[in-house]
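The chain contents come next:
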Amino acid sequence: MATVPASTLAGNVAPVKIRIRDLEKSFDSPAGRVVALADISLDIPTGCFFMIVGPSGCGKTTLLRILANLETPTRGSVEIGSPAVGQPGNSMIFQGDSLFPWMTVWDNAAYGLAMRKRPKSEIDEVVGHYLARIGMTRFAKAYPNQLSGGMRQRVSIARAFANNPDILLMDEPFSALDEQNKVMLQEELLKIWEETRKTVLFITHSVDEAATLGDRIMIMTAHPGRAKRIVDVPFDRPRHVLELRAQPAYGELVFSIWGELREEVQRARALDEGEVRS
Amino acid sequence: MTTIRHANLEVGAASSAGEAEEIAHDMATNTEAAAHPLVTNKVRQARLSGGMSASNRDRIINVISPIALLVLWEIATRTGIFDARFFPAPSQIFDTLVTLVGNGTLWNNTWASLQRLFWGALLGGVPALMLGVAMGLYRPLRAIVDPLVSATYPVPKSAIMPLILLIFGLGEASKIVMVAIGVFYPVLINAVAGVREINKVYLDVGHNFRASRWQVFTTIAVPGALPLIMSGIKLGIGMGLILIAIAEMIGAKSGLGYMIWNAWEVLSVETMYVGLLTIALLGFLFTLLLNEIERVIIPWRVQR
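Residues numbered from 1 in each chain as written. Chains lettered and ligands numbered in written order. Predicted model: local features only at pLDDT ≥ 70, side-chain atom pairs only at ≥ 80, totals over all residues. Heavy atoms only, no water.

## Overview of the sheet that holds strand β7 (residues 199-204) of chain A
Residues and elements named next belong to chain A.
So, step 1. Here we have 6 strands laid out as an open sheet, ordered β5-β6-β7-β3-β8-β9, and mixed in their pairing. Of all the strands in the sheet, the pair left with one neighbour each is β5 (90-93) and β9 (227-232). Within the sheet, the average angular offset between the axes of one strand and its neighbour, ignoring direction, is 15 degrees.
So, step 2. The pairing of strand β3 (residues 49-53) with β7 spans 5 bridges and is classified as parallel. Looking at the pairing, Met-51 lines up with Phe-202 of β7.
So, step 3. Docked against the sheet, helix α1 (residues 60-67) engages β3, β5, β6 (167-171), β7 and β8 (216-220), running at close to 150 degrees with respect to β7. (Pairing = 2+ DSSP bridges. Helix = DSSP H or I, 4+ residues; strand = E, 2+ residues; numbered from the N terminus. Axes fitted to C-alpha atoms, helices over the stretch in contact; angles between N-to-C directions. Contact = heavy atoms within 4.5 Å.)

## Considering the pattern of salt bridges
All names here are of chain A.
So, step 1. All told, the structure shown has 25 salt bridges over all chains when counted by the stated rule.
So, step 2. The residue Arg-65 makes a salt bridge to Glu-71 at a minimum N-O spacing of 2.9 Å. Note on accessibility: Arg-65 and Glu-71 belong to one class, buried.
So, step 3. Several salt bridges share partner residues, and in doing so they unite Arg-19, Arg-21 and Asp-43 into one network. (Salt bridge = Lys/Arg side-chain N within 4 Å of Asp/Glu carboxyl O. Buried < 20%, exposed > 50% of the residue type's maximum accessible area, 1.4 Å probe, protein only.)

## Describing the packing of helix α10 (residues 172-196) of chain B against helix α12 (residues 213-249) of chain B
Residues and elements named next belong to chain B.
So, step 1. Put simply, α10 and α12 touch, their axes get as near as 7 Å, and they point 155 degrees apart. In this view, α10 runs roughly antiparallel relative to α12, as classed from their interaxial angle. In terms of crossing hand, the pair formed by α10 and α12 is right-handed.
So, step 2. Its residues assigned to classes, the contact of α10 with α12 shows 19 nonpolar, 8 polar and 2 charged. (Parallel < 35°, antiparallel > 145°, perpendicular 65-115°, else oblique. Left-handed = near helix turned anticlockwise from the far one by under 90°. Nonpolar A, V, L, I, M, F, W, Y, C, P; charged D, E, K, R; others polar.)

## Here we look at the packing of aromatic side chains
So, step 1. As enumerated under the stated definition, the model contains 18 aromatic pairs over all chains in all.
So, step 2. With a centroid separation of 6.1 Å and an interplanar angle of 55 degrees, the aromatic rings of Phe-174 of chain A and Phe-202 of chain A are classed as tilted. Of this pair, Phe-174 of chain A sits in the loop between β6 and α6 (179-196) while Phe-202 of chain A sits in strand β7, placing them 28 residues apart in sequence. You'll find Phe-174 of chain A and Phe-202 of chain A in the same group, each marked buried.
So, step 3. Ring centres of Trp-73 of chain B and Tyr-273 of chain B lie 5.4 Å apart, and the angle between their planes is 65 degrees; this geometry places the pair in the edge-to-face category. A residue pair is termed long-range when its members are at least 10 positions apart, and Trp-73 of chain B in helix α5 (residues 54-78) and Tyr-273 of chain B in helix α14 (residues 269-297) qualify at 200 residues.
So, step 4. In this structure an aromatic cluster arises from ring pairing among Phe-100, Trp-102 and Tyr-111 of chain A together with Tyr-202 and Phe-209 of chain B.
So, step 5. A cation over a ring is seen here: Arg-159 of chain A above Phe-100 of chain A, with NZ or CZ 5.7 Å from the ring centre.
So, step 6. Against the face of Tyr-185 of chain B rests Lys-157 of chain B, its NZ or CZ located 5.0 Å from the ring centre. (Phe/Tyr/Trp six-rings, centres within 6.5 Å; stacked < 30°, edge-to-face > 60°. Lys NZ or Arg CZ within 6 Å of the ring centre and 35° of its normal.)

## Section: the sheet that holds strand β2 (residues 32-45) of chain A
Residue and element names in this part refer to chain A.
So, step 1. In spatial order, the strands read β2-β1-β4; together these 3 strands make up an open sheet with antiparallel pairing. At either end of the open sheet lies a strand with only one pairing partner, and these are β2 and β4 (75-80). Taken over all neighbouring pairs, the strand axes of this sheet differ in orientation by 20 degrees on average, direction set aside.
So, step 2. In terms of strand pairing, strand β1 (residues 16-29) meets β2 through 10 bridges, oriented antiparallel. Residue pairing across strands places Leu-23 opposite Ile-40, the latter belonging to β2.
So, step 3. Sheet contacts for α1: β1, β2 and β4; angle to β1, the most-contacted strand, approximately 120 degrees.

Okay, here's the thing in structure tokens:
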């Protein structure tokens, strides 16, 4: 149950970008008050690729939405280091389809810059760069319904990166993809991220994904969502997804995280079944 | 396996060659399906009907069906099945039409109606679109306006004609206002529904990318609701045509409604039919025009 303060972890020299203290979020539901998140205290250093992994219903999406300012916490505080002048605070990559069906790939990728009324020359350059980076230049004039799920999620990544935010928030962006697409997109995401090394908060229910992408992994409990443990990921960067997964150390890390998580999944399932019976 | 089963169901239900051909098109990519005897049979049948796309054929049928109806009518009157006093033959009506076109009567009246329709649609449609989208976005506004809409919408628009005449007088204004009222409701109701059907994630995206209220309005709410807004506009124009005819029958000196009413007073049945057919033709042309506009401004929906 102990939350390890980031400052006690080895190799932490970067300044803190996100500081969360005693965060709590509860909702009123017909069945009474539901506590989605409780006692979350967390420091995320600048430039850290921070993963949150937990069973469904652990409130991880709620945590991300609070950071994205799409929801307000019931209690506690969130401090986020201010971005550079003219830079947006955060951009989110949403779970599932979030591209506007009525805009072309280009207009979708340019959305953040267009909303900030950036000059056309800058939009052309930045959007052109990221569409090329994800291999979607040929599809610039296509509409999302003409693309596969993997291509659509690539454009979502381009949309977030093109906005050049201080922090990237990713809400299970690859969960709807098949395994091959998932690995390819993870690889591409790592490459694009290497260019800028922005602070990333990435939510997933996949232990593999967490160990592959992250510098640090927070394992969450369910009902209510609490931080169970924070694990450092020791692998060097740049990483190659499949090479990394072939290493014995990778298997050990995944195994140990699974051990922690299994208890939580079982506990959550027992709670769910209890609710069904009562 | 699931695709084949699905396709078989559709083949079973396909009643027109067009549907069968659409299925055949889907099938073309599915080699497994070709092995199924029922499917291959349907594929062959669909190929016989030519290389035209289903949408092209629909458009041609759209033009042919009213012409066929006129031919049947002509035959019915000439053979005495229809009473020529009430249902003059289309050829007689056509003669009258030529006369009315020749002396400018038809054009002047049509133009008068079209102008009223245009200004009425603009006066009713634009505020309805703005208010409807805003209502879809903002709950409090919806709470305020919804009861007013629900209470006034069921009132027959023709029943408020005397009130409109009282307020706006016998001139152009009362006609334009009648059309505006007719267009207003369907556009408003569809715009509200259209915005409310937009997936919430798109609004989250707008918020996350710091879109201003106006930007959310123009980049998310309006395009997201556009398919339903277009349906509203189509319904509204139909309602506008009905109301302009009614409005012009009372206290007007021009317009198709006036022409029809006047023809009744002087018992010129053919002129009456010319007026009716012109209104029908206008309705038909508006539908074609609006479908074409829809194709152009909603490119993301028509991709197949």
